[in-house]
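A look at the structure
Okay, here's what each chain looks like letter by letter:
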Amino acid sequence: VFLLIMVLLLVSAAPTIDAKEDGKTDSTCSSCHGSSSSSISPTLSGNPASYTPTQTYTLSIGMTTSASGTEGGFSLSTTGGTLSNAGPNAKIVGGKGTHSNPNSRAWTIDWTAPSAGSGTVTISIAVNAVNGNGATSGDFWNNGQFQISEASAVNNPPTVSSLVVSPPS
């Protein structure tokens, strides 16, 4: 019993390791995955060239990389709008998107554009490709930003029908 109590005390005093296999919501992956690399680039599809205010878009987050393996992660933040409906292997924490486990390199999340008059929105993404060896060697990460401008309102000139000029000349 004494030995068991000592082991439990020693284990509880050990420092914890912040592996974040279940997601991280900051702009880099450097604390766990080495340094940034041009061997990886974030990809974002489903984002329009310009957004319609309050419309919802399904964003597909991924990467192009030469890194081996199938594990990875991402962190996504926006300067406007809201995130919702995280797809498989993704979640929303504090208004930001991230991976929910390390077993994917592709994710989806819905983005609802901000209200009219909000201007250009920047979506910032950090992605990492992990080889699963438990060390930083062979892992690649990089950041990217995607700008989406607000769609201009259509300016339709006024029209008049059944015009009558009075008095007749």
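What counts as what
- Starting from 1, residues in each chain are numbered consecutively following that chain's sequence as written.
- A pLDDT threshold of at least 70 governs which residues receive local features in this predicted model, and a stricter bar of 80 or more applies before side-chain atom pairs are shown or counted, although totals over entire chains, interfaces and linings include all residues.
- Neither water nor hydrogens contribute to the side-chain values; these are computed over all heavy atoms in the structure.
- Elements are defined by DSSP. Helices are runs of H or I of four residues or more, strands are runs of E of two residues or more, and each kind is numbered from the N terminus.
- Remark: exposure states derive from per-residue accessible area (1.4 Å probe, protein chains only) relative to the maximum for the residue type, with buried under 20%, exposed over 50%, and partly exposed in between.
- Should any heavy atoms of two residues lie within 4.5 Å, those residues are counted as being in contact.
- Areas reported as accessible are Shrake-Rupley estimates using a 1.4 Å probe. Residue values count occlusion only from the protein chains shown.
- A pair of strands is considered paired only if DSSP assigns at least 2 bridges between the two.
- Axis geometry follows a simple rule: fit a line to the C-alpha atoms, using only the stretch in contact for helices, then measure angles between N-to-C directions, giving values from 0 to 180 degrees.
- Only the six-membered ring of Trp is used, alongside the rings of Phe and Tyr, when aromatic pairs are assigned; centres must lie within 6.5 Å, and planes under 30 degrees apart are stacked while those over 60 apart are edge-to-face, with the rest tilted.
- Each residue carries a pLDDT score, the predictor's confidence in it, ranging from 0 to 100.
- Residues qualify for a patch when their relative accessible area is over 30% and they have no salt bridge, like charges being joined within 9 Å and the nonpolar side chains of Val, Leu, Ile, Met, Phe, Trp and Tyr within 5 Å.
- The term salt bridge refers to a pairing of a side-chain nitrogen on Lys or Arg with a carboxyl oxygen on Asp or Glu at a separation within 4 Å.

**Some words on the overall build of the protein**
Counting its regular elements, the protein contains 2 helices and 10 strands. For the protein, the succession of helices and strands along the chain, N to C, is α-α-β-β-β-β-β-β-β-β-β-β. Across the 169 residues of the protein, 30% fall into the buried class. Counted over contacts in the protein with a minimum sequence separation of 6, partners at least 24 positions apart contribute 70%. Working note: accessible area of the protein is about 10000 Å², and carbon and sulfur atoms make up 56% of it.

**Some remarks on the sheet that holds strand 3 (residues 56-65)**
Taken in spatial order, the 4 strands line up as 1-3-8-5 in an open sheet, and their pairing is antiparallel. A strand with exactly one partner marks an edge of an open sheet, and here the two such strands are strand 1 (40-45) and strand 5 (82-84). Adjacent strand axes in the sheet meet at a mean angle of 35° when their direction is disregarded. Across 6 bridges, the pairing between strand 1 and strand 3 is antiparallel. By the bridge assignment for strand 3, Leu 44 is matched with Ile 61.

**Considering the packing of aromatic side chains**
Here a ring pair, both rings aromatic, is described through the centre-centre distance and the interplanar angle of the planes. The full count for this structure, using the stated rule, is 3 aromatic pairs. For the ring pair Tyr 51 and Trp 111, a centre distance of 5.7 Å and an interplane angle of 85° mean the geometry is edge-to-face. Residue Tyr 51 is found in strand 2 (residues 50-51), and its partner Trp 111 is found in strand 8 (residues 107-112); the two are separated by 60 residues along the sequence. The two residues Tyr 51 and Trp 111 agree in class, both being buried.

**Describing the pairing of strand 3**
Every regular strand shows the same layout, with side chains that alternate between the two sheet faces. Bridge count for strand 3 against strand 8 is 6 bridges, and the pairing is antiparallel. Bridge pairing in strand 8 links Tyr 57 to Trp 111.

**Focus on the pairing of strand 4 (residues 71-78)**
Here strand 4 pairs with strand 9 (residues 121-130) via 8 bridges, running antiparallel. Residue pairing across strands places Thr 78 opposite Ile 123, the latter belonging to strand 9. Here strand 4 pairs with strand 7 (residues 96-99) via 2 bridges, running antiparallel. Along strand 7, the bridge assignment pairs Leu 76 with Gly 97.

**Focus on the confidence of the model for the protein**
Per-residue pLDDT for the protein has a mean of 81; in total, 78% of the residues score no lower than 70. Low confidence marks residues 7-25, where pLDDT is under 50. Its contacts with residues over four positions away, or in another chain, come to 24 contacts.

**Some points on a nonpolar patch on the surface**
Together, Val 160, Leu 163 and Val 165 line one region of the surface with nonpolar side chains, adding up to about 360 Å² of accessible area. In this structure, Val 160 sits in the segment after strand 10 (140-150).

**Points about the sheet that holds strand 10**
Strand order in the open sheet formed by 6 strands is 2-10-9-4-7-6, with mixed pairing between adjacent strands. Strand pairing shows two members of the sheet lacking a second neighbour, strand 2 and strand 6 (90-93), which therefore form its edges.

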